[in-house]
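# Structural overview
These are the residues of each chain, in order.
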Amino acid sequence: MRTMVTKQGVLLLIIIYVVVCHTKEESHSDRVYNREVSGKEHFENEHHNPEYDHEAFLGEESKTFDQLPPEESKRRLGIIVDKIDTNKDGFITREELKDWIRYTQKRYITEDVDRQWKQYNPEEKLTISWDHYRQLVYGFLDNMDPSEVEQDTEGISYRNMMKRDQRRWAVADADGDGNLTKEEFAGFLHPEETDHMRDIVVLETMEDIDKDKDGKVSLKEYIGDMYHMEEGEEEPDWVKSEKEQFNIYRDKDGDGFMDDKEVKNWILPDDFDHAEAEARHLIYEADSDADEQLTKEEVLSKYDLFVGSKATDFGEALTRHDEF
Ligand SMILES: *[C@@H]1O[C@H](CO)[C@@H](O)[C@H](O)[C@H]1NC(C)=O
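The text that follows walks through the structure, step by step, so that each part is easy to find. Values in this document were obtained by computation on a predicted structure and should not be read as measured data.

### Here we look at the overall build of the protein
From N to C terminus, the protein includes 17 helices and six strands. When the 324 residues of the protein are sorted by exposure, 43% land in the buried category. Of all intrachain contacts in the protein linking residues separated by at least 6 positions in sequence, the fraction that spans at least 24 positions is 60%. When the accessible surface of the protein is split by element, carbon and sulfur atoms take 51% of a total near 17800 Å².

Below you can see the structure in the form of C-alpha cells.
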C-alpha cells in the first residue's frame, strides 16, 4: 500500500511539473529561451507545437523524417532508441534521454554556427570584421532613401536592428579587437548559450517590451508583448492565466513591475534545465505503464511524438492550455 501511494505521489508530481513547466516556463514563446533545445517554439499561439519535440529529439534530421513513410521512420527511430539506451538494458531512462537531447542540441548549435560562419566568411579567414558583416547583412540600407530606411516594418526599423547587432557584436568581441573569431561569432549568434552574453539578451528583451522606456516591465507591457485585444473581444483564458503568472512568478518582489533581474529570471532561469524538461515531457507522453522509463515498444507506439509524421498530433490535445 505504501509503495502504491508513493508511486501515485511521484506520478502526480510529474504531472504537476509538466503542467507548471509548460504554462509557467515556456508559454511566453517569443522570449523564453527554449530555443536551447530547438529552433522551433514549443508553443505557438499557446498551442503545442509537435515540431518542437521533433527538433529537440532529432535536430536538423527532423526534416528528413518528415519525408519518410511511417514504416521507415519507425525503423530509423528504433535504431536511435538503441543509441539512446547507452547501458543497453532495454530501457530509456530520463538521464539517458536528457543526455541525448543535450547532444542533439549541441550538434544543432554547432551546425548552425558552421553554416553561418561559412556563409559570412567563405574564404575561411580567422576572423570577420563588423564592417564585413554589416555590409553583407545591412548593406542594402546604403542604397535606400533615408526616409524609407527609417520607416518601421511592424515596429522594427532596420537601422535599429543594425545598431543592436553592432552593440551585441561588441559584447561578443571578447578580446576587443573589433573582429570576431568563430568562437566569438558563436556567442553573437547564440548569446543565450554564452555566460558573458546573458546581460545583453536581457537588455534586448527589455528594450523590446518596455514600451514607455521607464526601465521596467509593467503587467500591461508584459501582456502587450504577446497579445493585442481586438475591440469588443473577450479576454482569452490563457491571457488571464498569463496575468496570474506575472503576479505570482514574474514580479517576485510584488512591486507591480519586472526589473531587469526579474526579466533575467524569466527568460534565462538559472534553475531551469530545458533538456531535463523536454526529457520529462517525452517520457510523460509515451510512458504507457507509468514506470518512468521507456521501452522501445513505448517509443515506437508513439512515434509521431518523437519524429515527424503526417499523422494526427495527439500531443496537441494533451498539452493545450484550455484543457487544464
Ligand atoms: C579584422 O578584419 C579585417 C578585414 O578582414 C582585417 O583587414 C583586419 O586585419 C582584421 N583585424 C584584426 C585585428 O584581426
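Alright, that's what it looks like, and here's the rest.
### As for the site of the ligand
Every residue lining the ligand is accounted for by Lys125, Thr127, Ser129, Asp177 and Asn179. Within the side chain of Asn179, a nitrogen or oxygen atom sits 2.3 Å from an oxygen atom of the ligand. When isolated, the ligand has an accessible area of 360 Å², and the protein chains bury 42% of it. Classifying every residue of the shell around the ligand gives no nonpolar, three polar and two charged.

### Examining the nonpolar core
One finds Phe57, Leu77, Leu97, Phe306 and Val307 to be the most contacted residues of the largest nonpolar core, which totals 23 residues. Those elements that place two or more of their residues in this core are helix 2 (50-58), helix 4 (70-84), helix 5 (94-120), helix 14 (274-286) and helix 16 (303-306). Once residues within four sequence positions are removed from consideration, Phe306 is found in contact with Asp53, His54, Phe57, Leu58, Leu77, Leu282, Ala286, Leu294 and Val299. Core analysis: the second largest hydrophobic core is formed by 19 residues, Val113, Leu180, Phe185 and Phe188 among them.

### Things to note about a negative patch on the surface
Taken together, the side chains of Glu230, Glu231, Glu233 and Glu234 make up a negatively charged region of the molecular surface. Looking at the secondary structure, you find Glu234 in the loop between helix 11 (219-224) and helix 12 (237-250). Owing to a relative accessible area of 66%, Glu234 belongs among the exposed residues under this scheme.

### A short note on the packing of aromatic side chains
In this structure the tally under the stated criterion is 18 aromatic pairs. Considering the side-chain rings of Phe185 and Phe188, the 6.0 Å spacing of their centres and the 20° angle between planes classify their relative orientation as stacked. In this pair, Phe185 and Phe188 both sit in helix 9 (residues 182-189), three residues apart, roughly one turn of the helix. Phe188 carries the same exposure label as Phe185, and that label is buried. Between Tyr227 and Trp238 the ring centres are 5.8 Å apart and the planes differ by 75°, which places this aromatic pair in the edge-to-face class. Of this pair, Tyr227 sits in the loop between helix 11 and helix 12 while Trp238 sits in helix 12, and the two are 11 residues apart along the sequence.

### Side note on the pattern of salt bridges
The final tally for this structure, using the stated rule, is 20 salt bridges. Salt-bridge contacts for Arg164 lead to Glu204; the nearest nitrogen and oxygen are separated by 3.9 Å. Linking Arg164 in helix 8 (residues 158-172) with Glu204 in helix 10 (residues 198-209), this pair joins segments that are 40 residues apart in sequence. Since its relative accessible area comes to 22%, Arg164 is described here as partly exposed. Two residues, Glu235 and Lys243, come together in a salt bridge whose shortest N-O distance is 2.7 Å. Residue class for Lys243 comes out partly exposed when judged on its relative accessible area of 28%. Through salt bridges that share partners, Arg164, Arg167, Arg168, Glu204, Glu207 and Asp208 make up one connected network.

Calculation rules
Residues numbered from 1 in each chain as written. Predicted model: local features only at pLDDT ≥ 70, side-chain atom pairs only at ≥ 80, totals over all residues. Heavy atoms only, no water. Helix = DSSP H or I, 4+ residues; strand = E, 2+ residues; numbered from the N terminus. Buried < 20%, exposed > 50% of the residue type's maximum accessible area, 1.4 Å probe, protein only. Contact = heavy atoms within 4.5 Å. Areas by Shrake-Rupley, 256 points an atom, 1.4 Å probe, with all protein chains shown as cover. Near = heavy atom within 4 Å. Polar contact = N/O pair within 3.5 Å; in protein donor to acceptor, adjacent residues only side chain to side chain. Nonpolar A, V, L, I, M, F, W, Y, C, P; charged D, E, K, R; others polar. Core = buried A, V, L, I, M, F, W, Y, C linked by side-chain atoms within 4.5 Å. Patch = residues over 30% accessible without salt bridge, like charges linked within 9 Å, V, L, I, M, F, W, Y side chains within 5 Å. Salt bridge = Lys/Arg side-chain N within 4 Å of Asp/Glu carboxyl O. Lys, Arg positive; Asp, Glu negative; His and termini not counted. Charge placed at Lys NZ, Arg CZ, Asp CG, Glu CD. Phe/Tyr/Trp six-rings, centres within 6.5 Å; stacked < 30°, edge-to-face > 60°.

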